[in-house]
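Commentary on secondary and tertiary structure
The chain contents come next:
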Number of protein chains: 2
Amino acid sequence: MKNKEIQEQRMRGYFLDAARELLKAEGLRSISVRSIAERAGYSYATLYSYFKDLNELIFLCVQDFYEECKSQVLQSVQRKEKGIRRLKASVRAYADFFIQYPGIFELFFIEKIGNATNKKQVLALIRHSLDNVCEEDWHYCMSQGLLPADSIGLMKSQLRHTVLGLLLLYLHRDVPASYADFVSQLNIAVNAIVDDTFSGAATATKQTTVNNALISVRIGNNK
Amino acid sequence: MKNKEIQEQRMRGYFLDAARELLKAEGLRSISVRSIAERAGYSYATLYSYFKDLNELIFLCVQDFYEECKSQVLQSVQRKEKGIRRLKASVRAYADFFIQYPGIFELFFIEKIGNATNKKQVLALIRHSLDNVCEEDWHYCMSQGLLPADSIGLMKSQLRHTVLGLLLLYLHRDVPASYADFVSQLNIAVNAIVDDTFSGAATATKQTTVNNALISVRIGNNK
DNA sequence: TGTATTATTTTAACGATGTTAATTATATTT
DNA sequence: AAATATAATTAACATCGTTAAAATAATACA
């Protein structure tokens, strides 16, 4: 009974394709069981023969969108030389992807995910999407000693949260007012994180490059 | 005809109170014209005699919630001495407010605001909420030279975006898994921004102006 | 005070939404 | 070709925001 599976997967594909097209073109707000089914060429109730509910269907789009995001980022930096400049460009390209498709941003970071069968995997994919998209850059910078290894974890977190906050404010709160200002703010933030995080340690690391214990001294005050 | 205005304001208050209670207790998801009206003790259609639509009503709650947020932050740090430690505590208290009321977080940063009469003011209030809540701390740190004046703008942006990204991931993507981990990540992020942003300048300032300096040494290796 | 007018509140209704049950159409098997 | 299993569609329900019509309450005037 292999035919059954093939046909079922094909049917799921029709609905998934329709959902993805709608999501990219119209965003999450204007997606519905009926709009998806109409685009797929079936009645709305047919959808429930192939998916548990609408939530499961739309979160099955995440994997595909992630791959599209990754390939778009890789393509936008493929001509650049590896290094910190390319790392920064990858982060910018990642942000640009969500500017281009605000509906995918909402799907990735806003829409509550109910009880999808693979909820944990989807969450992990989303959580590490920026890190994974920049994987090559991180690996290169670390192996070449361009960045101190023990601060890379912090830098990844900082970038993740900063990009997320910037995108949320721009897409949902019109801050800043123009795309040019958004790019400007993003650049400033990325530079501050990559160039200035543990800047003392970073400088030292550059000088001695690799293989030695890295000591970073942080000075705070308790008053 | 002053009575007319008084009575109208009172009526609006009934609905606003109901909306605020629901928002704090149940969140944005379970708020509706009918649930608000029921709690206010009127029929659902009566709401439209006092508000243009549901959007206008719920965004009129923002002002009130902002003030509640501010007073809660101020109260939580009122016993602390002014300075960088209190600044950090204010940021944490700000984040805690939204952890306590996830519905208010969604209202402030996620829910699309349509065409409210005072849309611009509401957006400005939201955009600067963290800065304003910490206003006293920023002013003190700057006037005392605890922080370099020319990096405060960057620090504010960094804090705003980082706190927003952290909250979004924690409230909507279960990352990190526990509240304790969230607080830990928030502390790391805040420390990195406040202590290490332009660390050269910041360090110099600290050494000359602060009584006791706490030096923490972190040792890692990079291979 | 009793009626006419105005203001206020409620009920009915519309078009969408997600989802399920009943019904029809299609394909498979005997 | 008839009986059965599978797939797809229509009907229906409860919810949502919103508007129009109906009912109630308050006020003004005689």
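Higher on the page you've got the structure.
A short tour of the structure in this document, coming up.

1. Looking at the packing of aromatic side chains
Applying the stated criterion across every chain, the model contains 26 aromatic pairs over all chains. Note on Phe98 of chain A and Phe105 of chain A: the rings are 6.0 Å apart at their centroids and 70° apart in plane angle, and the pair reads as edge-to-face. Across the pair, exposure class does not vary: Phe98 of chain A and Phe105 of chain A are buried alike. Between Phe15 of chain B and Phe51 of chain B, the ring centres sit 6.2 Å apart and the planes meet at 80°, which makes this aromatic pair edge-to-face. Separated by 36 residues along the polypeptide, Phe15 of chain B in helix 1 (residues 2-26) and Phe51 of chain B in the loop between helix 2 (33-40) and helix 3 (54-59) bring together distant segments of the chain. This pair shows no difference in class: Phe15 of chain B is buried, exactly as Phe51 of chain B is.

2. Considering the protein's contact with DNA strand D
By nearness alone, 18 residues border DNA strand D, and Ser43, Thr46 and Tyr50 of chain A together with Arg34 and Tyr48 of chain B come closest of all. Within the side chain of Tyr44 of chain A, a nitrogen or oxygen atom sits 3.3 Å from a base nitrogen of DNA strand D. At 2.7 Å, a side-chain N or O of Thr46 of chain A approaches a phosphate oxygen of DNA strand D. The set of elements that each furnish at least two residues to the surface near DNA strand D consists of helix 1 (2-26) of chain A together with helix 2 of chain B. In terms of residue class, the surface near DNA strand D is built from eleven nonpolar, three polar and four charged.

Thresholds, definitions, all that
Residues numbered from 1 in each chain as written. Chains lettered and ligands numbered in written order. Predicted model: local features only at pLDDT ≥ 70, side-chain atom pairs only at ≥ 80, totals over all residues. Heavy atoms only, no water. Phe/Tyr/Trp six-rings, centres within 6.5 Å; stacked < 30°, edge-to-face > 60°. Buried < 20%, exposed > 50% of the residue type's maximum accessible area, 1.4 Å probe, protein only. Helix = DSSP H or I, 4+ residues; strand = E, 2+ residues; numbered from the N terminus. Near = heavy atom within 4 Å. Polar contact = N/O pair within 3.5 Å; in protein donor to acceptor, adjacent residues only side chain to side chain. Nonpolar A, V, L, I, M, F, W, Y, C, P; charged D, E, K, R; others polar.

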